[in-house]
Amino acid sequence: MFVLLLVLIVVLFGFGFLNPVWWVAAAVLVFGAARYGRGGGGRGRGDGSDFGEYQDYRDRRERQDRWDRRYSRQHRARWNREDRRDRERRG
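Residues numbered from 1 in each chain as written. Predicted model: local features only at pLDDT ≥ 70, side-chain atom pairs only at ≥ 80, totals over all residues. Heavy atoms only, no water.

### Observations concerning the overall build of the protein
Along its length, the protein carries four helices and zero strands. Taken from N to C terminus, the helices and strands of the protein fall in the order α-α-α-α. The buried share among the 91 residues of the protein stands at 9%. Across the protein, contacts joining residues at least 24 apart in sequence account for 6% of those joining residues at least 6 apart. Summed over all atoms, the accessible surface of the protein reaches about 8,200 Å², with 58% contributed by carbon and sulfur. (Helix = DSSP H or I, 4+ residues; strand = E, 2+ residues; numbered from the N terminus. Buried < 20%, exposed > 50% of the residue type's maximum accessible area, 1.4 Å probe, protein only. Contact = heavy atoms within 4.5 Å. Areas by Shrake-Rupley, 256 points an atom, 1.4 Å probe, with all protein chains shown as cover.)

Right, here's the structure in full:
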């Protein structure tokens, strides 16, 4: 499959000397092969294991935990107190 895709990219690149639109088509295929291919894209995605999915899950959970720590109920209460103090100072 990889060899067929490589030959197709080379042929499209060759046609690019006739019409530059073929270069765009070849570039799209190269991008697609690099992005969605077996060894091409994504961080940590390797030999078809579920490690990439786990990494995405772990990253999503870490971002959610940081969000929760930053915007927790305790911080909201502090912000409300600060807002109330500001209103009292102004008015």
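### So, the packing of aromatic side chains
In the structure shown here, the tally under the stated rule is five aromatic pairs. Ring geometry for Phe13 against Phe17: centres 5.7 Å apart, planes inclined by 80 degrees, an arrangement best described as edge-to-face. When its relative accessible area of 62% is taken as the criterion, Phe17 is described as exposed. Among the aromatic residues, ring-to-ring pairing joins Phe13, Phe17 and Trp23 into one connected group. (Phe/Tyr/Trp six-rings, centres within 6.5 Å; stacked < 30°, edge-to-face > 60°.)

### Some details on the confidence of the model for the protein
Confidence in the prediction of the protein, expressed as mean pLDDT, is 79, and 84% of residues score 70 or more. At the low end of the mean pLDDT range in the protein sits helix 4 (residues 73–90), at 80; at the high end sits helix 3 (residues 51–70), at 88. (pLDDT = per-residue confidence, 0-100.)

### Details of the pattern of salt bridges
Here the structure, examined in full by the defined rule, presents one salt bridge. The shortest N-O distance in the salt bridge between Arg89 and Asp86 comes to 3.3 Å. Here Arg89 and its partner Asp86 are both found in helix 4, three residues apart, which amounts to about one turn of the helix. (Salt bridge = Lys/Arg side-chain N within 4 Å of Asp/Glu carboxyl O.)

### With respect to the packing of helix 1 (residues 2–15) against helix 2 (residues 21–36)
In the contact formed by helix 1 and helix 2, the axes pass within 7 Å of each other and the chain directions differ by 155 degrees. The angle between the axes of helix 1 and helix 2 places the two elements in the roughly antiparallel class. By crossing handedness, the relation of helix 1 to helix 2 is classed as left-handed. Where helix 1 abuts helix 2, its residues Leu5, Leu8, Ile9, Leu12, Phe13 and Phe15 lie against Trp22, Trp23, Ala25, Ala26, Leu29, Val30 and Ala33. (Axes fitted to C-alpha atoms, helices over the stretch in contact; angles between N-to-C directions. Parallel < 35°, antiparallel > 145°, perpendicular 65-115°, else oblique. Left-handed = near helix turned anticlockwise from the far one by under 90°.)

### What to know about helix 3
Taking 1.5 Å per residue as the helical rise, helix 3 with its 20 residues ought to reach 28 Å, and the 28 Å between its terminal C-alpha atoms agrees with that figure. Those residues of helix 3 that fall on the buried side of the exposure criterion are Gly52, Gln55 and Asp59. All buried residues of helix 3 lie within an arc of 55 degrees about the axis, which places them on one face of the element. (Expected span 1.5 Å × (residues − 1). Arc of directions from axis to C-beta.)

### With respect to a nonpolar patch on the surface
A cluster of nonpolar side chains, namely Phe2, Val3, Leu6, Val7, Val10, Val11, Phe15, Leu18 and Trp22, defines an oily patch on the protein surface of about 910 Å² accessible area. At seven residues, the largest contribution of residues to the nonpolar patch is made by helix 1. One can find Leu6 in helix 1. Leu6 gets classed as partly exposed once you look at its relative accessible area, which sits at 45%. (Patch = residues over 30% accessible without salt bridge, like charges linked within 9 Å, V, L, I, M, F, W, Y side chains within 5 Å.)

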